[in-house]
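# An overview of the molecular structure
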Amino acid sequence: MSKCLGCGITLQDKDPNLVGYTPKLDNKYCMRCFKTIHYNEEMKVEIQNNQNIINKINKLNLFTIFITDFLSLNKDVIDIFKSIKSSKILVINKCDLIPSNLNLEHIKENIQNSYNINNDILFISAKNNINLNNLLNIIEINKRIILAGETSSGKSTLINNLFNTSLTTSKYNNTTLDFIKINKDDVIIYDTPGLNLRKKIEDKKIKVVTKKLSNDFILTIGELKLKGTGNITIFVSDNISITSKKEDIKLDYNYVIDNNSDVELPNGFILVKNKINIMTNQNIVVRNSIISK
Ligand SMILES: Nc1nc2c(ncn2[C@@H]2O[C@H](COP(=O)(O)OP(=O)(O)OP(=O)(O)O)[C@@H](O)[C@H]2O)c(=O)[nH]1
Ligand SMILES: [Mg+2]
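Below, the structure is looked at part by part. (Residues numbered from 1 in each chain as written. Chains lettered and ligands numbered in written order. Predicted model: local features only at pLDDT ≥ 70, side-chain atom pairs only at ≥ 80, totals over all residues. Heavy atoms only, no water.)

### Re the overall build of the protein chain
Helix and strand content of the protein chain: 6 helices and 15 strands. Rg of the C-alpha trace for the protein chain: 21 Å, near the compact-globule value of 19 Å for 293 residues, within the 12% margin. Based on the C-alpha atoms only, the size of the protein chain along its principal axes is roughly 65 × 40 × 30 Å. Looking at the protein chain as a whole, 51% of its 293 residues are labelled buried. Summarising the internal contacts of the protein chain: among those between residues at least 6 apart in sequence, 64% fall at separations of at least 24. Accessible surface, the protein chain: about 14900 Å² in total, of which carbon and sulfur atoms supply 46%. (Helix = DSSP H or I, 4+ residues; strand = E, 2+ residues; numbered from the N terminus. Rg over C-alpha atoms; globule rule 2.2 N^0.38 Å. Buried < 20%, exposed > 50% of the residue type's maximum accessible area, 1.4 Å probe, protein only. Contact = heavy atoms within 4.5 Å. Areas by Shrake-Rupley, 256 points an atom, 1.4 Å probe, with all protein chains shown as cover.)

Listed below in structure tokens is the structure:
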């Protein structure tokens with residue numbers, strides 16, 4: 001049975017409604033990849049179970065490059081990173097989007113402290129070829145590698161750039177459907193299906209917005225509603241809407257947030273430099289700030 005070169009799924013010519021369909025079994029790509037590559041069309045598939053993917057990664061037990069990006073980094077992502085048993089490195093991709101006034105070395109130390117991890121962290125841009133030589137050195141040393149991480153974090157883009165492969169990449173979620181073993185000279189690298197932790201949206205730009213909170217107006221950032229006192233700076237994907245208006249709703253959760261903290265958001269975070277009091281419509285997770293001094 002041959003596999004699609006783009007997403008790793010086993011090819012089949014029986015059912016156009018199932019994954020892996022191609023009208024001719026000697027085609028190299030499935031219909032879904034063909035449509036993604038040529039028409040940038042989204043064809044949704046059933047989402048795979050994260051734990052199954054993690055179990056398979058742990059069973060292979062190879063050096064793991066775990067990819068995330070600056071806005072996606074949160075406790076859920078780090079918990080999954082920690083659950084990978086082999087030697088590993090945390091790679092923060094899409095560093096081309098990080099505001100240039102932020103110090104990456106400083107952020108790296110803060111991430112290690114905030115999340116209590118002692119693994120190495122590397123900032124790269126798979127798309128813009130930033131810092132890829134350092135990653136290549138790590139790959140050369142370890143030789144047998146798994147690339148894992150959230151969907152749309154840029155795993156397949158990275159492999160294509162490093163090894164001149166033609167894996168399917170797209171702005172949509174769940175592009176890669178199965179483990180894909182790539183052999184290049186003396187290196188073996190596995191691309192893997194992305195993990196699904198929340199709806200990942202396309203990150204074109206990071207929006208940085210400073211707001212003065214008030215008890216009279218409700219600030220809405222994506223699905224989070226809050227009011228309170230003090231100043232905050234919001235770092236989110238520019239697709240996330242931020243509005244402030246009078247609203248007659250009850251906010252049930254009360255928080256005092258300390259100096260130099262971040263409130264995690266699904267696609268970003270809120271920087272709190274000086275202590276604030278807020279009320280919110282949902283539970284929030286707070287960490288020691290990864291960018292504050
Ligand atoms: N700005 C920016 N975008 C990137 C970078 N790397 C990848 N992308 C974009 O991120 C999106 C997802 O890339 P993929 O390589 O398909 O991501 P993936 O991790 O393989 O996704 P799955 O196969 O769904 O797990 C695409 O739109 C890429 O162009 C980067 O370094 N910077
Ligand atoms: Mg992929």
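### A short note on the site of ligand 1
Around ligand 1, 23 residues are found, and the nearest of them are Asp96, Thr151, Lys155, Thr157 and Thr176. Within the side chain of Asp96, one N or O atom sits 2.8 Å away from a nitrogen atom of ligand 1. In isolation ligand 1 exposes 660 Å². Once the protein is present, 93% of that is buried. More than half of the atoms of ligand 1 fall within 2 Å of the grid points belonging to the largest pocket. Among the elements that line the shell around ligand 1, the one with the most residues is helix α6 (residues 155-163), at 3 residues. Class assignment of the residues belonging to the shell around ligand 1 gives a composition of 2 nonpolar, 15 polar and 6 charged. (Near = heavy atom within 4 Å. Polar contact = N/O pair within 3.5 Å; in protein donor to acceptor, adjacent residues only side chain to side chain. 1 Å grid on protein atoms, 1.4 Å probe; cavity = no way out; pocket = protein on both sides within 12 Å on 5 of 7 lines; lining within 4 Å. Sits in = over half its atoms within 2 Å of the grid points. Nonpolar A, V, L, I, M, F, W, Y, C, P; charged D, E, K, R; others polar.)

### Quick notes on the packing of helix α5 (residues 132-142) against α6
Their axes nearest at 11 Å, the elements α5 and α6 cross at an angle of 85 degrees. When the axis of α5 is compared with that of α6, the two are roughly perpendicular. The residues of α6 that touch α5, namely those facing Leu132, Leu135, Leu136 and Ile139, are Leu158, Asn161, Leu162 and Phe163. In terms of residue class, the contact of α5 with α6 is made up of 7 nonpolar, 1 polar and no charged. (Axes fitted to C-alpha atoms, helices over the stretch in contact; angles between N-to-C directions. Parallel < 35°, antiparallel > 145°, perpendicular 65-115°, else oblique.)

### Observations concerning the coordination of the magnesium ion (ligand 2)
The coordination sphere of the magnesium ion (ligand 2), as far as protein atoms go, consists of Ser156 (OG) and Thr176 (OG1), spread over 2.1 Å. On the criterion of sequence distance, the pair formed by Ser156 in helix α6 and Thr176 in the loop between α6 and β5 (180-184) is long-range, its members being 20 residues apart. For the pair shown, Ser156 and Thr176 are each scored as buried. (Donors = N, O, S within 2.8 Å, 3.2 Å for Na, K, Ca; no water.)

### Some points on empty space enclosed by the protein
Applying the stated criterion to the full structure yields 3 cavities of 30 Å³ or more. Space inside the largest cavity adds up to approximately 80 Å³. For the largest cavity, the full set of lining residues is Arg32, Cys33, Thr36, Glu41, Glu42, Met43, Ser170, Tyr172, Asn173 and Thr175. Residues that form the lining of the largest cavity fall into these classes: 3 nonpolar, 4 polar and 3 charged. Shared between two domains, the lining of the largest cavity holds at least three residues of each, these being domain 1 (1-46) and domain 2 (50-191). (Points joined across faces, edges and corners; volume = space filled by probe spheres on them. Domains from an automatic or database assignment.)

### A short note on the packing of aromatic side chains
Using the criterion set out here, one finds 4 aromatic pairs in the structure. Look at Phe235 and Phe269: their rings are 4.9 Å apart centre to centre, the planes differ by 10 degrees, and that puts the pair in the stacked class. Taken together, the positions of Phe235 in strand β9 (residues 224-237) and Phe269 in strand β13 (residues 268-272) put the pair 34 residues apart, joining distant regions of the chain. Residues Phe235 and Phe269 agree in their burial class; the two are buried. Three or more aromatic residues link up through ring pairs in this structure, and these residues are Phe70, Phe235 and Phe269. The positively charged end of Lys246 is found above the aromatic ring belonging to Phe217, 5.0 Å away from the centroid. When the ring centre of Phe269 is taken as reference, the NZ or CZ atom of Arg287 above it lies at 5.0 Å. (Phe/Tyr/Trp six-rings, centres within 6.5 Å; stacked < 30°, edge-to-face > 60°. Lys NZ or Arg CZ within 6 Å of the ring centre and 35° of its normal.)

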